[in-house]
Structures are given as C-alpha cells and as structure tokens.
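Chains, contacts and geometry: an overview
Residue-level listing of the chains:
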Amino acid sequence: MSKRVLVIEDHEENRRIVRLLLGSAGIEMIEAVTGEEGVAKAEQERPDLILMDIQLPGLDGYEATRRIKANPELRSIPIIVVTSLALSDGEAKARAAGCDDYITKPYSPRQLLAKIKEQLP
C-alpha cells in the first residue's frame, strides 16, 4: 500500500508542483485548501504525513497544526511546514505549534522529497 500525504495549501500551482513530485515518488496525495478542511481531512483520511502551509484562508497553519496535534489519534502524524513566510522566528513558532519539520519556499523538489521520506513512518 502506498504512503499517503495530506497537502494543506491554498495555492493551486503549489499543489500542482507537490502533486507531480509525490506522484513521481509513488506517494498518494490528499488535498485541502483551508486550515479547517485540512483538520477535517486529517481526521477522515488519517494520512501518513502532512505538508502544512502557514498562510491559509481562515484557520492558519499554526492553529491547524495545534488542532491536529491536540487529537490523540492524529498526534503521531508528522507535519512538515512548507511556507513562504521566512520570518526569523518562523521555524520556532511552527515547532512550538507542534510541527516536526520546516522548509521555506522556494525549495528544491529534491530537498522537499528528502524531508518527506525522512519523516514518513
């Protein structure tokens, strides 16, 4: 059975790039466009890993991460924050919210895939 990654990202072009990357690695992609939808899909789909954008409409990525990690059934799912917010405290804030890894856009596809494979159970 192939691994499944939930991608919570509001920009279609970013989702398309990740879709191609994951598909080339034989990884199934589940998509969500908002933080609320991402939390719901995490509960419904139980993915092996989550890629989380920070700037999302409505519920931001920090709060979506906190809600997912607060659920005992979802807590063990690794979350990698993928963001264009290159704030000096961005990684610290993401890790404080519960994320397991952090990468800023633009990223090299090889670098992102390496992080995904490192975090996949």
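Before reading further, recall that the structure is shown in the block above.
The rules we used
Residues numbered from 1 in each chain as written. Predicted model: local features only at pLDDT ≥ 70, side-chain atom pairs only at ≥ 80, totals over all residues. Heavy atoms only, no water. 1 Å grid on protein atoms, 1.4 Å probe; cavity = no way out; pocket = protein on both sides within 12 Å on 5 of 7 lines; lining within 4 Å. Points joined across faces, edges and corners; volume = space filled by probe spheres on them. Helix = DSSP H or I, 4+ residues; strand = E, 2+ residues; numbered from the N terminus. Nonpolar A, V, L, I, M, F, W, Y, C, P; charged D, E, K, R; others polar. Pairing = 2+ DSSP bridges. Right-handed = clockwise from strand over helix to strand, strands pointing away. Axes fitted to C-alpha atoms, helices over the stretch in contact; angles between N-to-C directions. Parallel < 35°, antiparallel > 145°, perpendicular 65-115°, else oblique. Left-handed = near helix turned anticlockwise from the far one by under 90°. Contact = heavy atoms within 4.5 Å. Core = buried A, V, L, I, M, F, W, Y, C linked by side-chain atoms within 4.5 Å. Buried < 20%, exposed > 50% of the residue type's maximum accessible area, 1.4 Å probe, protein only.

Right, let's talk about the layout of surface pockets for a bit. Quantified by volume, the largest pocket comes out at close to 160 Å³. Taken together, 15 residues make up the lining of the largest pocket; nearest its centre are Asn14, Val18, Val82, Lys105 and Tyr107. Looking at the lining of the largest pocket, the elements that each hand over two or more residues are strand 1 (4-8), helix 1 (12-24) and strand 3 (49-52). Considering every element that reaches the lining of the largest pocket, the biggest residue donor is helix 1, with four residues. When its residues are assigned to classes, the lining of the largest pocket shows ten nonpolar, one polar and four charged.

Next up on the list: the pairing of strand 2 (residues 28-32). Pairing analysis gives five bridges linking strand 1 to strand 2, with the strands arranged parallel. When the sheet's bridge partners are listed, isoleucine 8 is paired in strand 2 with alanine 32. Each parallel crossover has a hand, and the one from strand 1 via helix 1 to strand 2 is right-handed.

What follows concerns the packing of helix 1 against helix 5 (residues 109-119). One way to put it is that helix 1 packs onto helix 5 with a least axis distance of 11 Å and a crossing angle of 60 degrees. Taken together, the axis directions place helix 1 and helix 5 in an arrangement best described as oblique. Considering only the axes of helix 1 and helix 5, their crossing is right-handed. For the pair formed by helix 1 and helix 5, the contact residues are Val18, Leu21 and Leu22 on the first element and Pro109, Leu112, Leu113 and Ile116 on the second. Looking at the contact of helix 1 with helix 5, its residues break down into seven nonpolar, no polar and no charged.

It is worth spelling out the nonpolar core at this point. Grouped burial of nonpolar side chains is what soluble globular proteins tend to show. Core analysis: the biggest nonpolar cluster contains 22 residues, and Leu6, Ile8, Ile50, Met52 and Ile68 have the highest contact counts within it. Listing elements by their share of this core, those giving two or more residues are strand 1, strand 2, helix 2 (35-45), strand 3, helix 3 (61-70), strand 4 (79-83) and helix 4 (90-97). The contacts of isoleucine 50, once residues within four sequence positions are left out, are Leu6, Ile8, Ala42, Ile68, Ile77, Pro78, Ile79 and Ile80. One finds Leu22, Met29, Ile103 and Leu112 within the second-largest nonpolar core, a separate group that totals 17 residues.

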